[in-house]
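Coordinates in review
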Amino acid sequence: MATEEGTPTFATRYPEEASVVRRAFLVAFVALGIGALAGIIQALHRTNILRLIPSADYYTVLTLHGVLLVIVFTIFFLVGVFQWAITRSLDRSPPNITFTKTWLALMSLGSLLTGAAIISGVISEVDASADVLFTFYAPLQAHPLFYAGLAVFLVGTWLAGVDWFRTWLGWRREHPDERIPLQAFMVLTTMIMWYIATIGVAVSVLFFLLPWSLGFIDQVNPLLTRTLFWFFGHPVVYFWLLPAYLLWYTVMPKIAGGRLFSDPLARVVFVLFVLLSTPVGIHHQYMDPGIAQGFKFIAMTNTMFLLLPSLLTAFTVVASIEHGARQRGGTGLLGWLRALPWRDPAFTGMALAGLMFAAGGFSGMVNAGMNINYLVHNTLWVPGHFHLTVGTAVALTFMAGTYWLWPQLTNRRLYSRPIALAQVVLWFGGMALMSNAMHVAGLFGIPRRTAEPQYQGFEFATTFGGVSELNIQLALGGTLLFVSTLLFLSNLALSLAQPTRSGLGQRLPAALSGPEDSPRVLDNLALWSGIAVVLVVLAYALPLGSIIADSGLLGPGGAAYPAALTPDSLAGLQAAVADPVVRALEVVA
Ligand code: HEM
Ligand SMILES: [Cu+2]
């Protein structure tokens with residue numbers, strides 16, 4: 001990595017902020033380590049190769065794996081990167097660093113409570129468990145500690161957003177006419193999306209799941225908690241993805257030796273995610289009875305629009321990298337690919353992550369199609385899909401990004417770049433095997449979330465072999481992934497013992513087409529938030545209304561036949577929702 005001597009690092013310029021980022025990363029990486037251990041246990045268990053736990057504990061391990069990886073690892077890494085990005089791009093400290101440390105502490109406390117509730121599931125002396133998976137809707141019920149921890153964690157993330165908005169407002173006062181710097185723009189738009197998305201899960205946890213697990217109410221409406229979960233459960237995938245996009249747009253071109261192709265296009269992409277992320281969650285409920293087919297169809301159409309920002313990203317990022325390669329002397333139609341810094345683990349990791357994301361995009365299209373979804377729903381295909389997206393596009397980008405960021409956060413060089421390079425390649429290979437096996441197994445109807453899917457005595461005709469071949473592929477891939485995780489963690493641990501030195505700072509170059517080329521309206525955050533809220537109301541008011549009208553706020557759940565909006569149910573909806581609102585308005589007036 002070429003160092004620009006004399007450039008102070010982030011750690012030198014902002015020591016306190018750098019320490020917050022390091023602590024956030026520390027929690028993220030501990031979660032990654034434990035989560036990966038759970039992952040290899042599952043992979044070997046369900047393929048019947050090595051059984052370290054009783055099958056009865058499979059759900060506990062699976063919950064631990066899901067929650068630690070897609071909630072703790074991803075979101076702690078995100079708050080670290082965002083704290084770095086907002087401080088760096090606005091070039092100012094948060095208004096009050098104690099507040100910054102407080103939200104990080106709240107998030108950590110929440111994760112500890114939730115983690116303790118899950119782990120209790122394997123300790124028979126403790127009467128607590130939370131085997132509810134990371135999709136924690138009813139009818140599965142967890143110990144109250146699980147939901148309480150989630151609530152504390154959520155509040156922590158909300159305060160983090162408050163912190164970043166306040167930093168921006170302070171900057172705005174001093175720079176009234178400037179465009180929001182790109183990284184700050186990305187942080188703020190992502191947080192707007194997060195505030196909208198978390199409404200669903202906050203309502204579900206605070207008003208239904210927590211009171212229910214505490215025994216204050218006897219039952220909840222499972223369909224309602226599912227719908228509220230997926231209201232959040234789809235946009236959360238963009239919450240994982242957007243920090244990876246931030247790194248792809250702002251750091252990767254620099255590592256490739258060039259500059260971002262278009263800053264305006266990057267802004268458009270983030271605005272599109274604010275608008276389109278939330279009104280699609282019902283695409284996780286195509287198989288749910290109790291939701292009218294029409295609502296599912298609308299969700300499907302909205303989902304297809306989400307392809308647009310991802311395709312724009314592919315175009316912009318590849319163009320930026322090609323620009324970098326040509327700066328480095330690359331020529332020809334494809335010959336420039338050779339001029340890229342493939343020996344740099346940060347670059348190669350992110351490039352391989354992007355490649356996997358393209359594959360994940362294709363299997364995501366399959367999931368999104370209402371009719372094809374019926375084939376793959378709840379099969380191993382689905383984990384196959386999201387190990388490409390969050391498990392690789394996001395996780396591998398985070399690891400690769402760490403290789404670039406770490407020296408600037410610690411003033412120490414990375415212990416070994418060759419090991420880092422091997423690590424990212426190993427992840428790519430391991431995931432190619434594991435997720436390929438999962439996709440194929442899913443097409444044969446092999447279920448997910450099952451400790452005992454042996455299918456002994458059944459011979460499936462696959463292209464290359466039977467189920468046993470798929471099992472070996474899955475277990476081998478999982479093992480490579482676990483080894484890759486160990487390499488990542490030990491490389492970082494050894495880096496801590498490196499001598500400190502100066503001059504490790506890296507500047508991020510301006511975009512080829514800068515913010516001045518984009519219309520000012522793109523920076524109007526209030527406008528985009530307003531439109532996003534309207535879209536969410538349009539997409540969710542009727543489905544939520546009809547669920548409540550059909551089976552009540554605390555009803556036993558929807559009927560097990562396809563629902564539709566009928567004059568009767570509309571009348572019920574009016575009674576359930578409109579009347580109290582009208583009465584409340586009369587009181588106010
Ligand atoms: C060492 C690397 C990993 C291995 C060996 C591994 C293995 C597995 C396996 C075998 C399953 C399917 C279990 C089943 O349905 O029965 C699974 C599920 C899952 N994995 Fe991973 N995984 C790894 C890394 C990751 C990463 C990095 C993420 C996300 C950042 C992730 C997120 C998930 C999620 C969300 C589930 C679904 C949990 C559920 O169904 O509730 N995994 N993993
Ligand atoms: Cu989704």
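Residues numbered from 1 in each chain as written. Chains lettered and ligands numbered in written order. Predicted model: local features only at pLDDT ≥ 70, side-chain atom pairs only at ≥ 80, totals over all residues. Heavy atoms only, no water.

Its 13 residues give helix α11 (residues 293-305) an end-to-end C-alpha distance of 19 Å, which sits within 8% of 18 Å, the value for a rise of 1.5 Å per residue. For α11, the set of buried residues is Phe295, Lys296, Ala299, Met300, Asn302 and Thr303. Viewed end-on, α11 has its buried residues packed into an arc of 165 degrees, placing them on one side of the element. Buried residues along α11 sit against α12 (307-327), α13 (345-368), α14 (370-376) and α18 (525-551). (Helix = DSSP H or I, 4+ residues; strand = E, 2+ residues; numbered from the N terminus. Expected span 1.5 Å × (residues − 1). Buried < 20%, exposed > 50% of the residue type's maximum accessible area, 1.4 Å probe, protein only. Arc of directions from axis to C-beta. Contact = heavy atoms within 4.5 Å.)

Let us look at the coordination of the copper ion (ligand 2). Looking at the metal site, the copper ion (ligand 2) is ligated by His234 (ND1), His283 (NE2) and His284 (NE2), spaced 1.8 to 2.1 Å from it. Donor residues binding the copper ion (ligand 2) come from one chain and are separated in sequence as H-x48-H-H. With a gap of 50 residues between them, His234 in the loop between α7 (222-233) and α8 (235-250) and His284 in the loop between α10 (263-276) and α11 connect regions that are remote in the sequence. His234 sits in the buried class, given a relative accessible area of 8%. Judged by relative accessible area, His284 falls into the partly exposed class, the value being 23%. (Donors = N, O, S within 2.8 Å, 3.2 Å for Na, K, Ca; no water.)

As a matter of local geometry, ligand 1 sits amid 27 residues, with Arg46, Tyr58, His65, His387 and Arg449 nearest to it. A distance of 3.5 Å separates a nitrogen atom of ligand 1 from a polar side-chain atom of Gln42. Contact distances for ligand 1 include 2.8 Å between a nitrogen atom and a side-chain N or O atom of His387. Counting atoms within 2 Å of the grid points, the majority share of ligand 1 lands in the largest cavity. Of all the elements in the fold, those that place two or more residues in the shell around ligand 1 are α2 (15-46), α3 (58-90), α15 (381-410), α16 (417-443) and α17 (467-495). The greatest single-element share of the shell around ligand 1, amounting to six residues, is contributed by α2. When the residues that make up the shell around ligand 1 are grouped by side-chain class, the tally is 17 nonpolar, seven polar and three charged. (Near = heavy atom within 4 Å. Polar contact = N/O pair within 3.5 Å; in protein donor to acceptor, adjacent residues only side chain to side chain. 1 Å grid on protein atoms, 1.4 Å probe; cavity = no way out; pocket = protein on both sides within 12 Å on 5 of 7 lines; lining within 4 Å. Sits in = over half its atoms within 2 Å of the grid points. Nonpolar A, V, L, I, M, F, W, Y, C, P; charged D, E, K, R; others polar.)

Quick look at the pattern of salt bridges now. A complete count under the given rule lists 10 salt bridges for this structure. For Arg226, the salt bridge identified is with Asp288, shortest N-O distance 2.5 Å. Taken as a pair, Arg226 in helix α7 and Asp288 in the loop between α10 and α11 lie far apart in primary sequence, 62 residues in all. Assessed through its relative accessible area of 5%, Asp288 is described here as buried. One salt bridge connects Arg417 with Asp344, and the closest N-O pair in it is separated by 3.8 Å. With a gap of 73 residues between them, Arg417 in helix α16 and Asp344 in the loop between α12 and α13 connect regions that are remote in the sequence. Arg417 sits in the partly exposed class, given a relative accessible area of 29%. Linked by salt bridges that have partners in common, Arg179, Asp263, Arg267 and Asp523 make up one network. (Salt bridge = Lys/Arg side-chain N within 4 Å of Asp/Glu carboxyl O.)

We now examine the coordination of the iron atom of ligand 1. Here the iron atom of ligand 1 is held by the protein donor atoms His65 (NE2) and His387 (NE2), which lie 2.0 Å from it. Taken together, the six donor atoms coordinating the iron atom of ligand 1 span angles of 85 to 180 degrees at the metal, a pattern that classifies the geometry as octahedral. With His65 in helix α3 and His387 in helix α15, this residue pair connects regions lying 322 residues apart in the sequence. One exposure class covers both His65 and His387, and it is buried. (Tetrahedral: all angles 85-135°; square planar, octahedral: opposite > 155°, others 65-115°.)

With that out of the way, let us pick up the packing of aromatic side chains. Summed over all chains, the structure comprises 33 aromatic pairs. Between the aromatic rings of Phe25 and Phe29, the centroid separation amounts to 5.8 Å while the plane-to-plane angle is 50 degrees, which identifies the pairing as tilted. Taken together, the residues span about one helical turn, with Phe25 and Phe29 both in helix α2 at a distance of four residues. Exposure remark for Phe25: the relative accessible area of 0% places this residue in the buried category. For Phe29, a relative accessible area of 8% gives the class buried. A centroid spacing of 5.7 Å and a plane angle of 75 degrees characterise the contact between Phe229 and Phe232, whose relative ring orientation is edge-to-face. Of this pair, Phe229 and Phe232 both sit in helix α7, separated by three residues, roughly a single helical turn. Each member of the pair Phe229 and Phe232 is classed as buried. (Phe/Tyr/Trp six-rings, centres within 6.5 Å; stacked < 30°, edge-to-face > 60°.)

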